[in-house]
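Here is what each chain is made of, one letter per residue.
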Amino acid sequence: MSLNSTKPLVQKATNGSAIINGCIESLEQGRQFLKSISDEQYCYVATPHVTSSIGEHFRHLLDVFYSIYQNPTATNYNQRRRGHALETSRAEALAAIMTVTQWLQTLDQETLDQRVAVFAEVSLSHAQTCEMGSTLGRELTFASLHATHHFAMANVVVSLLNGQVGRRFGYAPATVTYLRDQ
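What counts as what
Residues numbered from 1 in each chain as written. Predicted model: local features only at pLDDT ≥ 70, side-chain atom pairs only at ≥ 80, totals over all residues. Heavy atoms only, no water. Pairing = 2+ DSSP bridges. Helix = DSSP H or I, 4+ residues; strand = E, 2+ residues; numbered from the N terminus. Axes fitted to C-alpha atoms, helices over the stretch in contact; angles between N-to-C directions. Contact = heavy atoms within 4.5 Å. Parallel < 35°, antiparallel > 145°, perpendicular 65-115°, else oblique. Left-handed = near helix turned anticlockwise from the far one by under 90°. Nonpolar A, V, L, I, M, F, W, Y, C, P; charged D, E, K, R; others polar. Salt bridge = Lys/Arg side-chain N within 4 Å of Asp/Glu carboxyl O. Buried < 20%, exposed > 50% of the residue type's maximum accessible area, 1.4 Å probe, protein only. Core = buried A, V, L, I, M, F, W, Y, C linked by side-chain atoms within 4.5 Å. Polar contact = N/O pair within 3.5 Å; in protein donor to acceptor, adjacent residues only side chain to side chain. Phe/Tyr/Trp six-rings, centres within 6.5 Å; stacked < 30°, edge-to-face > 60°.

Q: Could you give an account of the sheet that holds strand β1 (residues 74–76), with specific residues and numbers?
A: Taken together, 3 strands build an open sheet; the order of strands is β1-β2-β3 and the sheet is mixed. Each edge of the sheet is formed by a strand with only one pairing partner; in this case those strands are β1 and β3 (129–135). For this sheet the average axis-to-axis angle between neighbouring strands, irrespective of direction, equals 25°. Direction of pairing for β1 relative to strand β2 (residues 115–121): parallel, over a ladder of 3 bridges. By the bridge assignment for β2, asparagine 76 is matched with phenylalanine 119. Contacts from helix α6 (residues 136–160) reach β2 and β3, with the element oriented near 110° to β3.

As structure tokens, then:
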């Protein structure tokens, strides 16, 4: 299997925002990856190397975007949809990518600059949620970069199944820039 170089489902944002375009590129990379694997690969857990399926990784990375989408002025990263159909259905994940991408295209720079409250648990030893200030643009940047980490894990699972994906799938933008300059 290889990462398809099919035409992107959604074009870049018309507002010219680098943040939005980066998010859309990231989600498009995930979409193309999902179209290149089977339903069985999507649900495969490669224990002991990786303890979550590709589907669980995609559910999580989409939960980060969904937390922002659901409440862009008060984002709660503690809200997870564990056990959601996204974990076992590539079709659900593809639909979620489309929903988030379409929403991203509606945002403008003024909206990206808006202040937001962010809630996240910060302790392993006990439940402790902190509230932090941020901007919508910063949180979307985080979501996009966080997706890269989960793409890298999905790449590991596919490699353990003797499959291949795109050469730069799961690479951070800064890493790709570094490699491009070599």
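Now that the structure has been shown, the text picks up again.
Q: Mind laying out the packing of helix α3 (residues 54–70) against helix α4 (residues 90–104), listing which residues take part and the relevant values?
A: Contact geometry for α3 and α4: axes closest at 11 Å, N-to-C directions at 30°. Considering the angle they form, α3 stands roughly parallel to α4. With respect to the hand of their crossing, α3 and α4 are arranged in left-handed fashion. Between α3 and α4, the residues in contact are Phe58, Leu62, Phe65, Ile68 and Tyr69 and Ala93, Ala96, Ile97, Thr99, Val100 and Trp103, respectively. Of the residues contributing to the contact of α3 with α4, the split by class is 10 nonpolar, 1 polar and no charged.

Q: Before we move on, could you go through the pattern of salt bridges and cite the residues and values that matter?
A: Evaluated as defined, the whole model comprises 5 salt bridges. Ionic pairing is found between aspartate 63 and arginine 59, a salt bridge with its closest N-O pair at 2.8 Å. Of this pair, aspartate 63 and arginine 59 are both found in helix α3, 4 residues apart, which corresponds to roughly one turn of the helix. Looking at aspartate 63, the relative accessible area reads 2%, which means it is buried. Its salt-bridge partner being arginine 59, residue glutamate 87 comes within 2.8 Å of it at the nearest N-O pair. A residue pair is termed long-range when its members are at least 10 positions apart, and glutamate 87 in the loop between β1 and α4 and arginine 59 in helix α3 qualify at 28 residues. For the residue pair glutamate 87 and arginine 59, the accessibility class agrees, reading buried in each case. Connected through shared salt-bridge partners, Arg59, Asp63, Arg81 and Glu87 make up one network.

Q: Which residues make up the side chain of serine 53, and what values do they have?
A: The topology assignment puts serine 53 in the loop between α2 (39–43) and α3. In this structure, serine 53 is in contact with Tyr42, Cys43, Tyr44, Val45 and Glu87, ignoring residues within four places of it in sequence.

Q: Explain the nonpolar core to me, using residue names and the numbers behind them.
A: Judged by nonpolar contacts, the single largest core of 40 residues is most densely connected at Phe33, Ile54, Phe58, Leu104 and Leu140. Among residues more than four places away in sequence, those in contact with isoleucine 54 are Phe33, Ile37, Gln41, Tyr42, Tyr44, Ala154, Val157 and Val158.

Q: Provide a residue-level description of the environment of glutamate 87, including the pertinent values.
A: The class of glutamate 87 is buried, set by a relative accessible area of 12%. Through-space distance from the C-alpha of glutamate 87 to that of cysteine 43 is 7.3 Å; in sequence the pair is 44 residues apart. Within the structure, glutamate 87 has its side chain in polar contact with the side chain of arginine 59 (distance 2.8 Å).

Q: Can you tell me about the packing of aromatic side chains, naming the residues and giving the values?
A: Ring pairs (aromatic) are described by centroid distance and by the angle formed between their planes. Within this structure, the stated rule accounts for 8 aromatic pairs. Note on phenylalanine 33 and phenylalanine 169: the rings are 4.5 Å apart at their centroids and 15° apart in plane angle, and the pair reads as stacked. Here phenylalanine 33, found in helix α1 (residues 18–36), pairs with phenylalanine 169, found in the loop between α6 and α7 (173–180); they are 136 residues apart in sequence, far enough to count as distant. Each member of the pair, phenylalanine 33 as well as phenylalanine 169, carries the same accessibility label: buried. With a centroid separation of 6.4 Å and 50° between ring planes, the pair formed by tyrosine 42 and phenylalanine 58 is classed as tilted. Within this pair, whereas tyrosine 42 is found in helix α2, its partner phenylalanine 58 is found in helix α3, the two being separated by 16 residues in sequence.

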